[in-house]
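The lines below spell out each chain.
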Amino acid sequence: MELIQNTPDLSAYLAADEAIDHDHPVVREVAARLAREAVDSYAYARLAFEFVRDTIPHSQDSGDLRVTWRASDVLERGTGICYAKAHALAALLRAEDIPTALCYQRFDVVHGLVAVRFNGAWHRQDPRGNKPGVDAQFSLDGERLAFTPDPESNEMDYPVLYAEPHPAVLSVLKAAPDRPYLWKTLPTAL
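One structure accompanies this document, and this report is about it. (Residues numbered from 1 in each chain as written. Predicted model: local features only at pLDDT ≥ 70, side-chain atom pairs only at ≥ 80, totals over all residues. Heavy atoms only, no water.)

Let us now look at the sheet that holds strand E2 (residues 100-106). Spatially, the four strands line up as an open sheet ordered E4-E3-E2-E5, and their pairing is antiparallel. Two strands lie at the open edges of the sheet, namely strand E4 (121-125) and strand E5 (156-157), each paired on one side alone. Looking at chain direction, strand E3 (residues 110-118) and E4 are connected through five bridges and run antiparallel. Each bridged residue has a counterpart across the sheet, and for Ala-115 the counterpart in E4 is Arg-124. Against the sheet, helix H5 (residues 82-95) touches E2 and E3, its axis set at about 15° to E3. (Pairing = 2+ DSSP bridges. Helix = DSSP H or I, 4+ residues; strand = E, 2+ residues; numbered from the N terminus. Contact = heavy atoms within 4.5 Å. Axes fitted to C-alpha atoms, helices over the stretch in contact; angles between N-to-C directions.)

Another aspect to go through is helix H2 (residues 41-55). For H2, with 15 residues, the first-to-last C-alpha span of 20 Å sits near the 21 Å given by 1.5 Å per residue. Within the span of H2, buried status applies to Ala-43, Tyr-44, Ala-45, Ala-48, Phe-49, Phe-51, Val-52 and Arg-53. Looking at the buried positions of H2, the neighbouring elements they touch are helix H1 (25-37), helix H4 (71-77), H5, E3 and E4. Backbone nitrogen of Tyr-42 and a side-chain oxygen of the N-cap are separated by 3.3 Å at the start of H2; the cap is Asp-40. (Expected span 1.5 Å × (residues − 1). Buried < 20%, exposed > 50% of the residue type's maximum accessible area, 1.4 Å probe, protein only. Polar contact = N/O pair within 3.5 Å; in protein donor to acceptor, adjacent residues only side chain to side chain.)

The next subject is the packing of H2 against H5. One way to put it is that H2 packs onto H5 with a least axis distance of 10 Å and a crossing angle of 155°. Classified by the angle their axes make, H2 and H5 are roughly antiparallel. Handedness of the H2/H5 crossing: right-handed. Where H2 approaches H5, its residues Tyr-44, Ala-45, Ala-48, Phe-49, Phe-51, Val-52 and Arg-53 are matched on the opposing element by Lys-85, Ala-88, Leu-89, Leu-92 and Leu-93. (Parallel < 35°, antiparallel > 145°, perpendicular 65-115°, else oblique. Left-handed = near helix turned anticlockwise from the far one by under 90°.)

Another aspect to go through is the side chain of Thr-68. Relative to the elements of secondary structure, Thr-68 occurs in the loop between helix H3 (59-62) and H4. Residue class for Thr-68 comes out buried when judged on its relative accessible area of 2%. Reaching out from Thr-68, the side chain makes a polar contact with the backbone oxygen of Thr-79 at a distance of 2.7 Å. Every residue in contact with Thr-68, bar those within four places of it in the chain, is listed here: Asp-73, Val-74, Arg-77, Thr-79, Gly-80, Ala-84 and Leu-173.

Within this structure, the stated rule accounts for seven aromatic pairs. Through successive ring pairs, a cluster of aromatic residues spans Tyr-42, Phe-49, Phe-118 and Phe-138. Between the NZ or CZ atom of Lys-174 and the centre of the ring of Trp-69, over which it lies, the distance is 5.1 Å. Over the aromatic face of Trp-183 sits the side chain of Arg-179, whose NZ or CZ is 5.7 Å from the ring centroid. (Phe/Tyr/Trp six-rings, centres within 6.5 Å; stacked < 30°, edge-to-face > 60°. Lys NZ or Arg CZ within 6 Å of the ring centre and 35° of its normal.)

With that settled, the discussion passes to the pairing of E3. Of all the nine residues making up E3, eight are buried; the element is thus mostly covered by neighbouring parts of the structure. Strand direction decides the pairing type here: E2 and E3, joined by seven bridges, are antiparallel. The residue of E3 that forms the bridge with Thr-100 is Val-116. Hairpin connection, E2 to E3: the antiparallel pair is bridged by three residues.

The structure is reproduced here in structure tokens:
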């Protein structure tokens, strides 16, 4: 699948916004701590991915009822669904000048992940969090995502790389008072 930037301006994939608030002190502190451990930007990207994947539980898996959507809130509260975890990873990567896009897949509902730009190409990564049957890994040599869509079941990868969260995703996150409510309103398509 060919990934398509929704804007040709690569600097848009480094920008901060209300959800990817990489200028927030919490995001800056986590980014600085991870950067001290990294020998280069590739190592930093892997560390940031593993940090979000492994230390911030997916709220469905952990039973956490709180809904987070802003990267700083995800990092501070230590919880989020796939979209929120993607926002946190995008913020951490952008904080260290690594172009990062938001991208999506469609299953029963829309699933969120990111794409990082290295060596002139985009590489999708899924920080959702591993569990039995899910083994997402950071990789620039072929995708190691949490889920693979089945086209016969009307599942798909969306090829568009967004500089900002998709409005359908952001609006449901912001409107949800808790995760049970969010689960009833998750988008089923973009």
